[in-house]
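The primary structure of each chain is shown beneath.
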Amino acid sequence: MNRSAPSRSDRPRRSRGAEIVLIAVYAIFALSATARSLVQMLRDFSFAPLAYLLSLLAALTYIAVTIALIRGGRRSRTAQVLCVIELIGVVVVGTLSLVDPQLFPDDTVWSVYGKGYGFVPLALPVVALAYMMLSGRRGHRA
């Protein structure tokens, strides 16, 4: 037997479990935020156009992060930038929804920092950014 080159099964395998979970959570939020914004916009857009457009923006952000993570993985610069934009959106919309609730006669995905979704919209970009930064550091040391 010639054992000069390691077979696929002998090569070290990187764990992608956390990355797959992150992609799955983003995909779920992409679907739920898209469904929410479409229902809101089709049902009664004139009632709260800003809120409904912000829900659509959240949906598009979740879709974009999902795609960036699928294509580039945890080292995707695009995913990192999108997560920063997402975090800024959650903080700005969350703060505005508390400071001036009249701006949002109906909730958005990011209202009150994602309270309607168990604050996951606030935690998700923080967790994603931490995971991507820590994974990037480990990758450079290896």
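Computed from a predicted model, the values in this text were never measured in an experiment.

Asks: Teacher, can you tell me more about the nonpolar core here?
Replies: In this structure, Leu 22, Tyr 26, Tyr 62, Leu 69, Cys 83, Trp 110 and Met 132 are the most contacted members of the largest nonpolar core, which totals 29 residues. Among the elements that take part in this core, helix α2 (residues 49–72) stands out by supplying 9 residues, more than any other. Once residues within four sequence positions are removed from consideration, Tyr 62 is found in contact with Tyr 26, Phe 29, Ala 30, Ala 33, Glu 86, Val 109, Trp 110, Pro 121 and Leu 124.

Asks: Just to check I follow, could you spell out a nonpolar patch on the surface for this structure?
Replies: Together, Leu 50, Val 84, Ile 88, Val 92, Leu 96 and Leu 103 give the surface a local cluster of nonpolar side chains, amounting to about 470 Å² of exposed area. Judged by relative accessible area, Val 84 falls into the partly exposed class, the value being 40%.

Asks: Would you explain the pattern of salt bridges in this entry?
Replies: Oppositely charged side chains may form a pair once their charged atoms are brought near each other. Evaluation of the coordinates by the stated rule reveals 3 salt bridges. One salt bridge connects Arg 74 with Glu 19, and the closest N-O pair in it is separated by 3.7 Å. You can see Arg 74 sitting in the loop between α2 and α3 (77–99) and its partner Glu 19 sitting in helix α1 (residues 17–44), a full 55 residues away along the chain. Given the relative accessible area of 12%, Arg 74 is considered buried. Look at Glu 19 and you get buried, because its relative accessible area is 4%. For Arg 43, the salt bridge identified is with Asp 106, shortest N-O distance 3.5 Å. Of this pair, Arg 43 sits in helix α1 while Asp 106 sits in the loop between α3 and α4 (120–141), and the two are 63 residues apart along the sequence. A residue is classified by how much of its surface remains accessible, and Arg 43, at 53% relative accessible area, is exposed. A network of salt bridges, in which partner residues are shared, links Arg 16, Glu 19 and Arg 74.

Asks: For this particular structure, what's the right way to read unusual backbone geometry?
Replies: Generally, phi is negative for residues other than glycine and the peptide bonds are trans, each holding for most cases. If you check the backbone angles, Tyr 113 has positive phi at about 60° while not being a glycine. Positive phi is not limited to glycine here, since Phe 119 has a value of about 65°. Following the sequence through the fold, Phe 119 ends up in the loop between α3 and α4. When its relative accessible area of 40% is taken as the criterion, Phe 119 is described as partly exposed.

Asks: Would you mind going over α1 with me for this structure?
Replies: Helical geometry note: an α-helix holds 3.6 residues per turn, so side chains three or four residues apart project in the same direction. Helix length check: α1 (28 residues) gives 40 Å between terminal C-alpha atoms against 40 Å at 1.5 Å per residue, within 8%. Taken together, the buried positions of α1 are Glu 19, Leu 22, Ile 23, Tyr 26, Phe 29, Ala 30, Ala 33, Ser 37 and Gln 40.

Asks: I keep staring at the confidence of the model for the protein chain and nothing clicks. Help me out?
Replies: It should be kept in mind that the predicted coordinates are not to be read in detail where pLDDT is low. The pLDDT averaged across the protein chain works out to 88; a share of 85% of its residues lies at or above 70. α3 holds the highest mean pLDDT among the elements of the protein chain, 97, whereas α4 holds the lowest, 83. Here residues 7–13 is a poorly scored stretch, pLDDT under 50, and it has 2 contacts once near neighbours within four places are set aside; other chains count.

Asks: I would appreciate a short explanation of the packing of α2 against α3 in the present structure.
Replies: For any two helices packed against each other, one specifies the inter-axial angle together with the distance between the axes. Two elements in contact, α2 and α3, have axes separated by 9 Å at closest approach and are oriented at 160°. Overall, the two elements α2 and α3 adopt an arrangement that is roughly antiparallel. In this structure, the crossing between α2 and α3 has a hand that is left-handed. For the pair α2 and α3, the contacting residues are Leu 54, Thr 61, Tyr 62, Ala 64, Val 65, Ala 68 and Leu 69 in the first and Thr 78, Ala 79, Leu 82, Cys 83, Glu 86 and Val 93 in the second.

Rules of the game
Residues numbered from 1 in each chain as written. Predicted model: local features only at pLDDT ≥ 70, side-chain atom pairs only at ≥ 80, totals over all residues. Heavy atoms only, no water. Core = buried A, V, L, I, M, F, W, Y, C linked by side-chain atoms within 4.5 Å. Buried < 20%, exposed > 50% of the residue type's maximum accessible area, 1.4 Å probe, protein only. Helix = DSSP H or I, 4+ residues; strand = E, 2+ residues; numbered from the N terminus. Contact = heavy atoms within 4.5 Å. Patch = residues over 30% accessible without salt bridge, like charges linked within 9 Å, V, L, I, M, F, W, Y side chains within 5 Å. Areas by Shrake-Rupley, 256 points an atom, 1.4 Å probe, with all protein chains shown as cover. Salt bridge = Lys/Arg side-chain N within 4 Å of Asp/Glu carboxyl O. Expected span 1.5 Å × (residues − 1). pLDDT = per-residue confidence, 0-100. Axes fitted to C-alpha atoms, helices over the stretch in contact; angles between N-to-C directions. Parallel < 35°, antiparallel > 145°, perpendicular 65-115°, else oblique. Left-handed = near helix turned anticlockwise from the far one by under 90°.

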